[in-house]
Amino acid sequence: MVNKYSNNLNDMDRKKIIIISSIGAGVLILIGILIYLIIPKSSPAEQPALSGSPMASTPSGDNLSSSQNSILNEILPANIVSFVWSDINQKFTAISSSGFLYSINPSDFAVSTTTNFGVSGIIKVVWSPNKSKAVVYRNENGVLKKFYFDAISQNITPLGDQIGSVTFSPKSDQILYVFNQLQNSVLKSFLSISNPDGTKWKNLSAFSMPDTLLYWPSGIKAYAISPASGLLPNSVYSIDVKTGALQKFLAEQNGQQIKFSPSGNGLLYSFVDSRGKNLQLFYKNLKTNSDTLLPIKTLPEKCSFDKTEENVFCAAPNKISSSAIMPDDYYSNKLNLDDNLWVYNIQSNSASQIISSENITPINIKMLEVSPDNSYIIFISQKDDRLFRLQIR
């Protein structure tokens, strides 16, 4: 009897132990579930949005690389034709091919649409020196149309189809332009001057270069240059804007291109050899008439003077194909170029590379502007006409 009772007792003890263990396990599971539900779950750390990055601006665009959002950021995904810094409102202004004008705040790179021109096909914008006025070129069914835009009043004035190349006077109160007209089935060209809206015009002289590009950086002297090709020579002429008289300014070279400093005291110019090779870039001091070969091989339009005009920032291709004809192949988008960013100091005649194409997502810069404090550049991509900001310090 004792042995049977002992066996029954052991069985009961085992059952109690199993029941207590099961209850304990259940309690532990319940506690775990409550902890999971009550205590906040940790999430992957997010990179804070850089002020002015696409994540903090409108409209937004994707960074080229999320790991580089402190260096290279897209500002506008639209097809940007032109952009400038305006001292009047202390902002950047950009115009797209679809006819929108954007205002970009430099403090946070927030973007707002300020004007809709109501037209598309914009291909070129010529700004006045004070950036308050512009002549806008657009393609309308194969016909080149132009209109004058007053950025302050927002007024738009159509200009005649006979008007060719245009440049503003240094005071932004006049335009100098080529006027092309058929007379007895013969094209006649004139150098003319008028108010920016085309009123009060007068012809200065007959002109032998109907497709020339005009510049009027300072004083009473303007400049003319025919479109560049690496297989053809072209020259730069100075123009007396009172009489229209021409005088050769730079010797004839193949593929010659120019860009003046904002004050008109300096000039960048480039040219190639007779085969469209060996691109060279020069700086000319127009006060001393001295020329300096820069240790940077690029086109003037891929450069920008800083506010002091003591430094020139240039986007230079890491490598140009030996078979390339410059600048022809560049403009026809036959070249896949990766740019390095250089800065050239005029006084010391020294250049240094500040951004390498090996350190960032490859970029091909079409045109660029340096920020007032030299901390970043804004540029248009040659590949797809998007607008970017590149931090340089």
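S.K.: Could you give an account of the overall build of the protein chain, with specific residues and numbers?
M.R.: On a plain count of helices and strands, the protein chain comes out with two helices and 27 strands. Sorting the 393 residues of the protein chain into buried and exposed places 45% on the buried side. As displayed, the protein chain offers around 20400 Å² of accessible surface, 53% of which is attributable to carbon and sulfur atoms.

S.K.: Tell me about the state of the cysteines, residues and numbers included.
M.R.: Per the stated rule, a full pass over the model turns up one disulfide. Here C303 engages in a disulfide with C314; their sulfurs sit 2.1 Å apart. On the sign convention where negative is left-handed, the bridge of C303 and C314, at about 115° about the S-S bond, is right-handed. Here C303 is found in strand 21 (residues 303-305), whereas its partner C314 is found in strand 22 (residues 311-317), with eleven residues between them in sequence.

S.K.: Run through the layout of surface pockets, naming residues and quoting values.
M.R.: Looking at the second largest pocket, its volume works out to about 320 Å³. Lining the second largest pocket are 16 residues, and of these N336, P362, N364, S381 and K383 sit closest to its centre. Class assignment of the residues belonging to the lining of the second largest pocket gives a composition of seven nonpolar, five polar and four charged.

S.K.: A description of the environment of E140 should follow, citing residues and the corresponding values.
M.R.: Relative to the assigned elements, E140 resides in strand 7 (residues 133-140). For E140, a relative accessible area of 32% gives the class partly exposed. Taking the C-alpha atoms as reference, E140 lies 8.9 Å from I122; in sequence the two are 18 residues apart. Of the polar contacts made by the side chain of E140, one reaches the side chain of R138; its length is 2.7 Å.

S.K.: Give me the lowdown on the confidence of the model for the protein chain, citing residues and values where you can.
M.R.: Per-residue pLDDT for the protein chain has a mean of 85; in total, 82% of the residues score no lower than 70. Scored below 50 in pLDDT, residues 27-69 shows 50 contacts in the model against residues more than four places distant or in partner chains.

S.K.: Would you mind going over the pattern of salt bridges in detail, with residue names and values included?
M.R.: Between side chains of opposite charge, a pair can form as their charged atoms come close. Evaluation of the coordinates by the stated rule reveals eight salt bridges. A salt bridge links K302 to D339; its shortest N-O distance comes to 2.8 Å. A residue pair is termed long-range when its members are at least 10 positions apart, and K302 in the loop between strand 20 (290-293) and strand 21 and D339 in strand 23 (residues 339-345) qualify at 37 residues. Per residue, the accessibility class of K302 equals that of D339, and both read buried. Here the salt bridges share partners, and the residues they tie into one network are E74, D384 and R386.

S.K.: Let's hear about the side chain of S169: which residues, and what values?
M.R.: For S169, the location among the structural elements is in the loop between strand 10 (163-168) and strand 11 (175-183). What S169 contacts, discounting residues up to four positions off in sequence, is P129, Q174 and W216.

Analysis parameters
Residues numbered from 1 in each chain as written. Predicted model: local features only at pLDDT ≥ 70, side-chain atom pairs only at ≥ 80, totals over all residues. Heavy atoms only, no water. Helix = DSSP H or I, 4+ residues; strand = E, 2+ residues; numbered from the N terminus. Buried < 20%, exposed > 50% of the residue type's maximum accessible area, 1.4 Å probe, protein only. Areas by Shrake-Rupley, 256 points an atom, 1.4 Å probe, with all protein chains shown as cover. Disulfide = S-S within 2.5 Å. 1 Å grid on protein atoms, 1.4 Å probe; cavity = no way out; pocket = protein on both sides within 12 Å on 5 of 7 lines; lining within 4 Å. Points joined across faces, edges and corners; volume = space filled by probe spheres on them. Nonpolar A, V, L, I, M, F, W, Y, C, P; charged D, E, K, R; others polar. Polar contact = N/O pair within 3.5 Å; in protein donor to acceptor, adjacent residues only side chain to side chain. pLDDT = per-residue confidence, 0-100. Contact = heavy atoms within 4.5 Å. Salt bridge = Lys/Arg side-chain N within 4 Å of Asp/Glu carboxyl O.

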